[in-house]
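Observations on chain architecture
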Amino acid sequence: MNYRIKKSLLILFIVFFSCNKSSNFFIGKWQIFNVVENNESIDLVDNWIDLKSNGTFMSYDGSLEKKEIGKWTYLIEEKKIAINGDVDSQWTLSIKSDTLFFHSTTDNLYLIAKKLE
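Residues numbered from 1 in each chain as written. Predicted model: local features only at pLDDT ≥ 70, side-chain atom pairs only at ≥ 80, totals over all residues. Heavy atoms only, no water.

1. Considerations on the pairing of strand E2 (residues 40-43)
Note the threshold: Two strands pair under a simple rule: DSSP has to find at least two bridges between them. Strands are runs of DSSP state E lasting at least 2 residues, helices are runs of H or I lasting at least 4, and numbering of each runs from the N terminus.
Summarising the sheet, strand E1 (residues 28-37) and E2 pair through 4 bridges and their orientation is antiparallel. Bridging from a neighbouring strand, valine 35 pairs with isoleucine 42 of E2. Counting the residues that bridge the hairpin from E1 to E2 gives 2 residues, and of these asparagine 38 lies at a positive phi of roughly 50 degrees.

Here you go:
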């Protein structure tokens, strides 16, 4: 195999695995510590969501003492996650440092979360 082909394959390999990693940045358990609705901020105490790599999730709402399970789908081009559980919803995801932001696609609402170790 000549040098040019080897170099091209190496670049494709690196790009493929870099993109693959970046599309899974939200996998894991996240403590949702703040919700902002219509510019009003509400601190949350015991709320979390665990987004599993197999496309399922479990979440917990501490104020309601309620667990929810369901499925999620990530739309890579739109950077949106569709949550299908007790209530279906769709969120645009963004991350800054170690903070994940869930922006509702239907309401003036977003959630702020930190990854749990």
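2. A few points about the pattern of salt bridges
Test applied: A pair is scored as a salt bridge if a Lys or Arg side-chain nitrogen falls within 4 Å of a carboxyl oxygen belonging to Asp or Glu.
Scanning the entire structure with this criterion turns up 3 salt bridges. Residue aspartate 50 pairs with lysine 52 through a salt bridge whose shortest N-O separation is 3.1 Å. Among the salt bridges present, the one from lysine 66 reaches aspartate 86, with a minimum N-O distance of 3.2 Å. Taken as a pair, lysine 66 in strand E5 (residues 66-75) and aspartate 86 in the loop between strand E6 (80-84) and strand E7 (89-96) lie far apart in primary sequence, 20 residues in all.

3. Section: the confidence of the model for the chain
So the rule is basically this: You can read pLDDT as the predictor saying how much it trusts each residue, on a scale of 0 to 100. In this description, contact between two residues means that some pair of their heavy atoms is separated by no more than 4.5 Å.
Mean pLDDT over the chain stands at 83; residues scoring 70 or higher make up 80%. Across residues 5-21, confidence stays below pLDDT 50; counting only partners more than four residues off in sequence or on other chains, it has 2 contacts.

4. What about the pairing of E1?
The condition that has to hold: Burial classes follow relative accessibility: with a 1.4 Å probe on protein chains only, a residue under 20% of its type's maximum area counts as buried, one over 50% as exposed, and anything between as partly exposed.
For E1, the tally of buried residues reaches 7 of 10 residues, placing the bulk of the element in the interior. The pairing of E1 with strand E3 (residues 47-51) spans 4 bridges and is classified as antiparallel. Among the inter-strand pairings, glutamine 31 is bridged to a residue of E3, identified as tryptophan 48.

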